[in-house]
Amino acid sequence: MDGQNDVVMYQELTAQNGKKIGIATLNSEKSLNALSLPMVESLLPKLASWQADNSISMVLLQGSGEKAFCAGGDIRDLYKAMLDKPGEYAPYVEEFFTKEYTLDYLIHTFGKPVLVWGNGIVMGGGLGLMAGASHRVVTVSSRIAMPEMAIGLYPDVGASWFLNRMPAGCGLFLGLTGASINAADAKFIGLADNFLLHERKDALVEKLLQIKWGDTVALNHQKLSDALRSEEDQCRTQMPLSQIRPHQTEIEMLAKHSSLADVIAAINAMPGDDKWLVKAKASLDYGSPITAHIVFELLKLGQSKILADSFRLELGLSVQCGKLGEFTEGVRALLMDKDLTPNWQYKTVSDVPQSIIDELFTSPWAANEHPLRELGQLDN
């Protein structure tokens, strides 16, 4: 594999009839492959070139090591940029999220099959890479979450789109609690397509190299789907039990509430003392009241938006969150000082003034100046 020291390693493997499989490996095992700006800047042109290259039939995106596909965005540089400009617009924040969302959108609209190997931890920015792939694999160790409540940000990377496409109430519950889900849950809510054993990955790649890939994209999708399904049939019995299904009735009811306070009260009143639910409630209690409002509002707005507009909405939100200070404080408490005592600007959701939420949802740019204004225009 090329570039062992590169932030992303690339490989092109030649299949039986000369067609190729492009493999991109996030290469920061020490940081659990946290998605950094250099990684994004490496992936964008490479994926674009593979998209245009007729010899590349499919792409495999994976993480180095055994612990994680990608544990989220590398937010240490974001934290520094926000600290340098407290309460102000930070150019680095705009640059990071603009490029990250452009990459996520490219994966959503890639055309050719994209297989993401979602082994181990897949959180935040990692889920942004995985959610838009045409073929998403989870394993025994997959642990998937959007835990942004804990850092005063919000579930971004297209979550306003994909949280709305889950079974009733699930997006709201997962967004507000940051609850970690397993392979069975991911399949149930539509964030994963196949359950495979991680130790079978090399054998799967060998199987993919035996496929006679063609020039018809739809047929290539079908060939990959068939290969994954036959592999899944051999390991289905080892899939963990769903953590969501036992609480599905109560989670569905969340969608019927019209106020955020009622939703939070309903989550806290959910019956059961299993470890997963107890932890979800604790995370909700720890998280930012401002973020809770963002999640609630985002899911209402996201229902009526096309994918490109969802990313445009989120970019404005992320830049505004960079100015507000809640994000900075959340990162400090959880990742920097690690004292786990964030000094949120408001103690409860009822304390948060509507004016704060309105400002967060106000785009910092005129429509013709939006950094993602061209997103989606080439797809029509």
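Every residue gets a number counted from 1 within its own chain, in the order that chain's sequence is written. Selection of residues for local features in this predicted model requires a pLDDT of at least 70, selection of side-chain atom pairs for listing and counting requires 80 or more, and totals for whole chains, interfaces and linings are taken over all residues. Neither water nor hydrogens contribute to the side-chain values; these are computed over all heavy atoms in the structure.

Here we look at the packing of helix α11 (residues 260-268) against helix α13 (residues 289-302)
Rules: Angles here are taken between N-to-C directions and fall from 0 to 180 degrees, while the axes themselves are lines fitted to C-alpha atoms, restricted in helices to the stretch in contact. Segments assigned H or I by DSSP are reported as helices when at least four residues long, segments assigned E as strands when at least two residues long, and all are numbered from the N terminus. Working rule for angles: under 35 degrees goes down as roughly parallel, over 145 as roughly antiparallel, 65 to 115 as roughly perpendicular, anything else as oblique. We call two residues contacting when some pair of their heavy atoms lies within 4.5 Å. Under this grouping Gly is polar, as are all residues other than the nonpolar Ala, Val, Leu, Ile, Met, Phe, Trp, Tyr, Cys and Pro and the charged Asp, Glu, Lys and Arg.
Their axes nearest at 10 Å, the elements α11 and α13 cross at an angle of 105°. One finds that α11 runs roughly perpendicular with respect to α13. Across the interface between the two elements, Leu260, Val263 and Ile264 from α11 touch Ala292, His293 and Phe296 from α13. Grouping the constituent residues of the contact of α11 with α13 by class yields five nonpolar, one polar and no charged.

Things to note about the packing of aromatic side chains
Rule in force here: Two rings from Phe, Tyr or Trp (for Trp, the six-membered ring) form a pair when their centres are within 6.5 Å of each other. A pair whose planes differ by under 30 degrees is stacked, one over 60 is edge-to-face, and the rest are tilted. Burial classification: accessible surface area is computed with a 1.4 Å probe over protein chains only, and a residue below 20% of its type maximum counts as buried, one above 50% as exposed, and the rest as partly exposed. A ring has a charge above it when a Lys NZ or an Arg CZ is no more than 6 Å from the ring centre and no more than 35 degrees off the ring normal.
Considering all chains together, one arrives at eight aromatic pairs under this definition. Aromatic pair Phe96 and Phe97: ring centres 5.4 Å apart, planes at 85°, arrangement edge-to-face. Overall, the relative accessible area of 1% leaves Phe96 in the buried class. On the basis of relative accessibility, which here comes to 2%, the residue Phe97 falls in the buried class. Between Tyr286 and Trp344, the aromatic rings sit 6.5 Å apart at their centres with planes inclined by 85°, giving edge-to-face as the arrangement. Placement of the pair is Tyr286 in helix α12 (residues 275-286) and Trp344 in the loop between α15 (326-336) and α16 (354-360), with a sequence separation of 58 residues. Of the aromatic side chains, those joined through ring pairs into one cluster are Tyr92, Phe96, Phe97, Tyr101, Tyr105 and Phe311. The ring centre of Tyr10 lies 5.4 Å from the NZ or CZ of Lys46, which sits over that ring.

Here we look at the sheet that holds strand β8 (residues 143-145)
Two strands in a sheet stick together by hydrogen bonds in their backbones, pointing the same way (parallel) or opposite ways (antiparallel). Note the following rule: Two strands form a pair only when DSSP identifies at least two bridges running between them.
Taken in spatial order, the three strands line up as β4-β6-β8 in an open sheet, and their pairing is parallel. The sheet terminates laterally at β4 (68-70) and β8, the two strands that pair on one side only. Between one strand and the next, the sheet's axes are offset by a mean angle of 15°, whatever the strand orientation. Direction of pairing for strand β6 (residues 121-123) relative to β8: parallel, over a ladder of three bridges. Note that in β8 the partner of Val122 across the bridge is Ile144.

A short note on the pairing of strand β3 (residues 56-63)
Our working rule: If the strands point away from the viewer and the path from the first strand over the helix to the second runs clockwise, then the crossover is right-handed.
Counting buried positions over the eight residues of β3 gives eight, a clear majority of the element. Of the strand pairs in this sheet, strand β2 (residues 20-26) and β3 are connected by seven bridges, and their pairing is parallel. Note that in β3 the partner of Ala24 across the bridge is Leu61. Handedness of the crossover joining β2 and β3 through helix α1 (residues 37-52): right-handed. Here β3 runs beside strand β5 (residues 114-118); their pairing, made up of three bridges, is parallel. Opposite Val59, over in β5, you have Val114 as the bridge partner.

Overview of the nonpolar core
Applicable threshold: Think of a nonpolar core as a cluster: buried Ala, Val, Leu, Ile, Met, Phe, Trp, Tyr and Cys residues, connected wherever their side-chain atoms sit within 4.5 Å.
Counting residues in each nonpolar core, the largest one holds 105 residues, and the members touching the most others are Phe173 and Leu191. For Leu191, the residues in contact, after removing those within four places along its chain, are Leu127, Met130, Ala131, Arg136, Ile144, Phe162, Met166, Ile181 and Ala186. Of all hydrophobic cores here, the second largest spans 18 residues; its members include Ile23, Trp213, Leu224 and Leu228.

With respect to the pattern of salt bridges
Stated formally: Any carboxyl oxygen of Asp or Glu that lies within 4 Å of a side-chain nitrogen of Lys or Arg is treated as forming a salt bridge with it.
Tallied over the entire structure, the rule returns 17 salt bridges. Residue Arg229 pairs with Asp226 through a salt bridge whose shortest N-O separation is 3.2 Å. Placement of the pair is Arg229 and Asp226 together in helix α9 (residues 217-233), with a separation of three residues, close to one helical turn. Given a relative accessible area of 42%, Arg229 falls into the partly exposed group. Residues Glu297 and Lys300 are paired through a salt bridge, measuring 3.7 Å at the closest nitrogen-oxygen approach. Taken together, the residues span about one helical turn, with Glu297 and Lys300 both in helix α13 at a distance of three residues. Here the salt bridges do not stand alone but share partners, grouping Lys187, Glu232, Asp233 and Arg236 into one network.

Concerning the side chain of His370
Going by this rule: Contacts described as polar in this section are N or O atom pairs within 3.5 Å, which, within protein, must combine one atom able to donate a hydrogen with one able to accept it, while residues neighboring in sequence count only if both atoms come from side chains.
The residue His370 is located in the segment after α16 in this model. The exposure class of His370 is buried, given its relative accessible area of 6%. A polar atom in the side chain of His370 sits 3.0 Å from the backbone nitrogen of Leu372. His370 has contacts with Arg312, Leu315, Ser363 and Trp365, leaving out every residue within four places of it along the chain.

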